[in-house]
Amino acid sequence: MKTTTKTPGRDEFAALCRRAWDTLIPARAGYLADVSPHYDEVLHDVAQRTEHTGSLGKTDIAALVVWKRLSAQTRWVTDLMSLPDTHVQAVTERAVTAVRDTTLTRSEAARTGRGIIAELPGFRTGDALASAVLTAAAPQRMAVYDRRVQHALDTLRLPLTPTPGRYGRYLQLLDDLLHHGAAHADGWTARDIDTALYWTADPTRRQAADQHKPALAL
């Protein structure tokens, strides 16, 4: 099983992954209990359209900017909106095809899709919006990344460096968590883990999640 970095060692990394589930399970329960079931409707709507069209246009990206609560008052937004929508759709169509390609591992698909979408303004640095677009393209395979997720991974001592190719390594890390989660991971998707990580990043939310913490077998 490939890990995200050379350290920690294989056995230590596996133990960290298994231990992480003690946090992920109650965090996911807390997220589901406290977050409105309507919150992700924008993501689901964009994903549904993408399922039929095979691409995302500027309107879809704008919806995801709002969903991710990102600033639209930046230069890249002007640059993106100045492009023909047909060009945006052509680029995102290639990215959609890449992340849906089941001949590639999840991390390979993520890395390929991330590289393609970097051709568009707003996607050349950072992974928050890019990961939202790729998750809308393949919601059962991809996952959202942002600074809250990174904070949670750091807290859990699961290494994810900011060097180029981070999104592919992030999906590999989620695969490793699913692999080492055994029975705990049954039925979980990569997206389920990212919401649990998101919830874990805020101490007040961790406290709320603890109220839903199940008894785990040692």
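Here goes a summary of the coordinates provided. Since the structure is predicted, the reported quantities are computational estimates derived from the model, not experimental observations.

## Some words on the overall build of the protein
Consideration 1: In terms of helices and strands, the protein carries 11 helices and 0 strands.
Consideration 2: In the protein, which comprises 218 residues, the share counted as buried stands at 50%.
Consideration 3: Within the protein, counting contacts between residues at least 6 apart in sequence, those at least 24 apart form 70% of the total.
Consideration 4: Entry remark: accessible area of the protein is about 11,000 Å², with carbon and sulfur atoms responsible for 54%.

## A closer look at the packing of helix α2 (residues 41-53) against helix α7 (residues 128-137)
Consideration 1: Where α2 meets α7, the axes come as close as 7 Å, and the angle between the chain directions of the two elements is 55 degrees. Taken as axis vectors, α2 and α7 run oblique relative to one another. When α2 is examined against α7, the residues Leu43, Val46, Ala47 and Thr50 are found in contact with a partner set consisting of Ala132, Ala136 and Ala137.
Consideration 2: Looking at side-chain class alone, the contact of α2 with α7 contains 6 nonpolar, 1 polar and no charged residues.

## A look at the pattern of salt bridges
Consideration 1: Going through the model one piece at a time under the given rule, you end up with 13 salt bridges.
Consideration 2: Among the salt bridges present, the one from Glu12 reaches Arg157, with a minimum N-O distance of 3.2 Å. Separated by 145 residues along the polypeptide, Glu12 in helix α1 (residues 10-34) and Arg157 in the loop between α8 (147-155) and α9 (166-180) bring together distant segments of the chain.
Consideration 3: Relative accessible area serves as the criterion here: at 51%, Arg157 is assigned to the exposed category.
Consideration 4: The closest approach of N and O atoms between Asp194 and Arg191, which form a salt bridge, is 2.7 Å. Linking Asp194 with Arg191, this pair stays in helix α10 (residues 190-200), spanning 3 residues, or about one helical turn. In terms of burial, Asp194 and Arg191 fall into one category: buried.

## Focus: α10
Consideration 1: Most of α10 sits out of view: 11 of its 11 residues are buried.
Consideration 2: Taken together, the buried positions of α10 are Ala190, Arg191, Asp192, Ile193, Asp194, Thr195, Ala196, Leu197, Tyr198, Trp199 and Thr200.

## A few points about the environment of Ala118
Consideration 1: By the secondary structure assignment, Ala118 is in the loop between α6 (106-117) and α7.
Consideration 2: Under the relative-accessibility criterion, Ala118 is labelled partly exposed at 23%.
Consideration 3: C-alpha separation for the pair Ala118 and Thr92, spaced 26 residues apart in sequence, amounts to 9.9 Å.
Consideration 4: Ala118 has contacts with Phe123 and Arg124, leaving out every residue within four places of it along the chain.

The rules behind the values
- Residues numbered from 1 in each chain as written.
- Predicted model: local features only at pLDDT ≥ 70, side-chain atom pairs only at ≥ 80, totals over all residues.
- Heavy atoms only, no water.
- Helix = DSSP H or I, 4+ residues; strand = E, 2+ residues; numbered from the N terminus.
- Buried < 20%, exposed > 50% of the residue type's maximum accessible area, 1.4 Å probe, protein only.
- Contact = heavy atoms within 4.5 Å.
- Areas by Shrake-Rupley, 256 points an atom, 1.4 Å probe, with all protein chains shown as cover.
- Axes fitted to C-alpha atoms, helices over the stretch in contact; angles between N-to-C directions.
- Parallel < 35°, antiparallel > 145°, perpendicular 65-115°, else oblique.
- Nonpolar A, V, L, I, M, F, W, Y, C, P; charged D, E, K, R; others polar.
- Salt bridge = Lys/Arg side-chain N within 4 Å of Asp/Glu carboxyl O.

Geometry only, nothing functional implied.
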